[in-house]
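Listed here are the chains, written in short residue letters.
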Amino acid sequence: MNLLDHGNPVFIAYAVSASILILKAVAMSWLTVLRMMQENGGFRAPEDLRKTPLNPRPRSTQLEPNERVERIRRIQHNDTENLPYFLVAGLLFVFTQPRLWVAQSLFYGYVATRLAHFGAYFTARSHDLRAALWTPGSLIVVYMSVMALIGAIGS
Amino acid sequence: MNLLDHGNPVFIAYAVSASILILKAVAMSWLTVLRMMQENGGFRAPEDLRKTPLNPRPRSTQLEPNERVERIRRIQHNDTENLPYFLVAGLLFVFTQPRLWVAQSLFYGYVATRLAHFGAYFTARSHDLRAALWTPGSLIVVYMSVMALIGAIGS
Amino acid sequence: MNLLDHGNPVFIAYAVSASILILKAVAMSWLTVLRMMQENGGFRAPEDLRKTPLNPRPRSTQLEPNERVERIRRIQHNDTENLPYFLVAGLLFVFTQPRLWVAQSLFYGYVATRLAHFGAYFTARSHDLRAALWTPGSLIVVYMSVMALIGAIGS
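Basis of the calculations
- Starting afresh in each chain, residues are numbered from 1 along the sequence in its written order.
- Lettering of chains starts at A and numbering of ligands starts at 1, both following the order in which they are written.
- pLDDT decides what is reported in this predicted model: residues at 70 or higher carry local features, side-chain atom pairs at 80 or more are listed and counted, and totals for whole chains, interfaces and linings draw on all residues regardless.
- Based on all heavy atoms of the structure, the side-chain values leave hydrogens and waters out of the count.
- What sets the superposition is a least-squares fit of C-alpha atoms, and only residues with pLDDT of at least 70 in both copies go into it.
- Residue contacts follow a heavy-atom distance rule, with two residues in contact if any of their heavy atoms lie within 4.5 Å.
- Note on geometry: axes are C-alpha line fits, over the in-contact stretch for helices, and angles between N-to-C directions span 0 to 180 degrees.
- The helix count covers DSSP runs of H or I at least four residues long, the strand count covers runs of E at least two residues long, and both are numbered beginning at the N terminus.
- Convention used here: angles under 35 degrees read as roughly parallel, angles over 145 as roughly antiparallel, angles from 65 to 115 as roughly perpendicular, and any remaining angle as oblique.
- Each residue gets one of three labels, nonpolar for Ala, Val, Leu, Ile, Met, Phe, Trp, Tyr, Cys and Pro, charged for Asp, Glu, Lys and Arg, and polar for the others, Gly among them.
- Summed over both partners, the accessible surface that disappears when two parts come together, traced with a 1.4 Å probe, is what is meant by buried area.
- Whenever Lys or Arg places a side-chain nitrogen within 4 Å of a carboxyl oxygen from Asp or Glu, that contact is recorded as a salt bridge.
- Here a polar contact is taken to be a pair of N or O atoms separated by no more than 3.5 Å, where protein atoms must pair a possible hydrogen donor with a possible acceptor and residues adjacent in sequence count only if both atoms sit in side chains.
- pLDDT is a per-residue confidence score from the predictor, ranging from 0 to 100.
- Each aromatic pair joins two rings of Phe, Tyr and Trp (for Trp, the six-membered one) with centres within 6.5 Å, and gets the label stacked for planes under 30 degrees apart, edge-to-face for over 60, and tilted for any other angle.
- We call a residue buried when its accessible area falls under 20% of the maximum for its residue type, exposed when it is over 50%, and partly exposed in between, using a 1.4 Å probe and counting protein chains only.
- Only buried residues count toward a nonpolar core. Its members are Ala, Val, Leu, Ile, Met, Phe, Trp, Tyr and Cys residues joined through side-chain atoms within 4.5 Å.

Time to look at the relation of the copies chain B and chain C. Rotating chain B by 120 degrees and moving it 0.0 Å along the rotation axis overlays it on chain C with an RMSD of 0.0 Å. Here the symmetry operator amounts to a three-fold rotation axis. Measuring from the rotation axis to each C-alpha of chain B, the shortest distance belongs to B:Pro84, at 3.7 Å. Looking at chain B, a mere 15% of its interface residues are interface residues in chain C too, so the copies touch through different faces.

Here you go:
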């Protein structure tokens, strides 16, 4: 049986959650661009101070960290530290042939907590809330990886 | 039908583009190493100031940011924010069974714009050119993710 | 023949090594959390200075870089620059149908050198040792990517 197939509802759940997470992650890049334009700053490369159509009036302060831009960069950084591992652990988890409701709970639960984590970070809620929203997603990745490991060793 | 197979030309196109991108990404690590050796600086860990065969004459300035090294780190950082999402989105896109020329255009187009983006960043071209070369790749990942999402939901 | 299947021992070796690496990577997040709690500092977001149950006595120095926390962040950063590429290159390498002992050597060799690299970085060993432990893993990813590229082009 081919488990990586649109005929396998567990794989469908993986593909849906993975697609949403990738779109979420890419949105962070665009949000960074948007905020750099709004703030006219928060740039990082020295050449970004050159006079160009997109930057008609350069000033040296444009390279200083801008908190509104940095916030999105921190969120994006959190994504790069987390999402790639979910994306691979989730795929490997499909091979353990979990029950559909278990897989859906883990995959969609991960997506839900990551979106909520974004909301909490974006609106500068307390560290405690952010931690509470990050933790379940991390535990889901741990659980899926352990199951994938056990499933692979045991087969 | 098994879509993840060397008999599927869409998967071949994915495997070719993914391999090239991974090699490109790994090359950034080696380029960082090369520039740290050339500059004899741009290090990051305090222990790197210890006297060793590779660093026979340590000096405290070796831990200061070095622009020639930092440039490669920024390029590498841009890779880590983008490539993992392409690599997974591209794989999921294979399951939507796109027309071969569409898949090849997207996969090879992504590779081409990322290589051009590297060239522009490496040679410190204007922000405008860099942005123009980053944008199509990001839109390709968005398109593939949306198609993967629609394809998964609709099956 | 379906190569991504628990009946394929090369895929088993991939799944085992990938699972272990993901667990290792996630452990870095938890280690960062642990050290931030031990040090009561090394935070990054301005809102983390708010008085909350987890931070009953905030002080402005909590946002300053803390070397014990930064060390784990550097290790985690090294993971995000390396592991995602191994995870995808390894999967593509499975499609080249390598001999089992070759695949196991590369996959488990990668895991072993990454764990050793972590040990060396965590205990602040010399840069030379760290470099010596990073290099084989990077070469393994290059080798697997080149083989995946050749295998895809040649089929």
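The next subject is the packing of helix α1 (residues 9–39) of chain B against helix α3 (residues 100–122) of chain B. Residue and element names in this part refer to chain B. Closest axis-to-axis distance for the α1/α3 pair is 8 Å, and the angle between their directions is 10 degrees. The angle between the axes of α1 and α3 places the two elements in the roughly parallel class. Residues Pro9, Val10, Ala13, Tyr14, Val16, Ser17, Ile20, Leu21, Lys24, Met28, Leu31 and Arg35 of α1 lie in contact with α3, whose contacting residues are Leu100, Ala103, Gln104, Phe107, Tyr108, Tyr110, Val111, Arg114, Leu115, Phe118 and Phe122. Per-class residue counts for the contact of α1 with α3 are 18 nonpolar, 2 polar and 3 charged.

Before going further, it helps to examine the interface of chain C and chain A. Taken together, the contacts link 34 residues of chain C with 37 residues of chain A. Both faces combined, the contact of chain C with chain A buries some 2,900 Å², and carbon together with sulfur accounts for 67% of it. Linking chain C with chain A are 3 salt bridges. For A:Arg130, the salt bridge identified is with C:Asp48, shortest N-O distance 2.9 Å. Remark: the boundary between chain C and chain A carries 7 residue pairs in polar contact (both at pLDDT 80 or more). Of the residues assigned to the side of chain C that touches chain A, the class counts are 21 nonpolar, 7 polar and 6 charged.

For chain A, per-residue confidence averages 97 on the pLDDT scale, and 100% of positions sit at 70 or higher. Listed scores for the predicted complex are pTM 0.97 and ipTM 0.97.

Here we take up the relation of the copies chain C and chain A. Note on the copies: chain C fits chain A at an RMSD of 0.0 Å, the axial shift is 0.0 Å, and the rotation between them is 120 degrees. Residue by residue, only 15% of the interface of chain C is reproduced at the interface of chain A, so the copies engage with different surfaces.

Moving on to the packing of aromatic side chains. Counted under the stated rule, the structure contains 27 aromatic pairs over all chains. On the numbers, 5.1 Å between centres and 50 degrees between planes, the contact of A:Trp30 with B:Trp134 is tilted. Pair noted here: A:Trp30 is in helix α1 (residues 9–39) and B:Trp134 is in helix α4 (residues 127–153), and the two residues belong to different chains. Looking at B:Trp134, the relative accessible area reads 11%, which means it is buried. By the ring-pair criterion, three or more aromatic residues cluster together here, those being A:Phe11, A:Tyr14, A:Phe86, A:Phe93, A:Phe107, A:Tyr110, A:Tyr143 and B:Phe95.

Counting residues in each nonpolar core, the largest one holds 110 residues, and the members touching the most others are A:Tyr14, A:Phe107, B:Tyr14, B:Phe107, C:Tyr14 and C:Phe107. When sequence neighbours within four positions are dropped, the list of residues in contact with B:Phe107 reads B:Val10, B:Ala13, B:Tyr14, B:Ser17, B:Phe86, B:Gly90, B:Phe93, B:Val94 and B:Met144.

Contacts between chain B and chain C engage 34 residues on the former and 37 residues on the latter. Buried surface at the junction of chain B and chain C, both sides included, amounts to about 3,000 Å², of which 67% is carbon and sulfur. Summed over the three residues of chain B that lose the most area to chain C, namely B:His6, B:Ile22 and B:Glu47, the buried surface amounts to 18% of that side. Counting across the interface, chain B meets chain C through 3 salt bridges. Note that C:Arg130 and B:Glu47 form a salt bridge whose closest N and O atoms lie 3.7 Å from each other. Taken together, chain B and chain C are joined by 7 residue pairs in polar contact (both at pLDDT 80 or more). Elements with a minimum of two residues in the side of chain B that touches chain C: α1 and α2 (67–94) of chain B.

Tallying each qualifying case throughout the model produces 27 salt bridges over all chains. A salt bridge links B:Glu67 to B:Arg74; its shortest N-O distance comes to 2.8 Å. Classification of B:Glu67 as partly exposed rests on a relative accessible area of 36%. The buried category is assigned to B:Arg74, whose relative accessible area is 14%. The partner of C:Arg68 in a salt bridge is C:Glu39, with the nearest N and O atoms 2.8 Å apart. Of the two residues, C:Arg68 is situated in helix α2 (residues 67–94) and C:Glu39 in helix α1 (residues 9–39); the sequence distance between them amounts to 29 residues. Its relative accessible area of 36% is what places C:Arg68 among the partly exposed residues. Put simply, A:Glu47, A:Asp48, B:Glu67, B:Arg71, B:Arg74 and B:Arg130 are held in one network by salt bridges that share partners.

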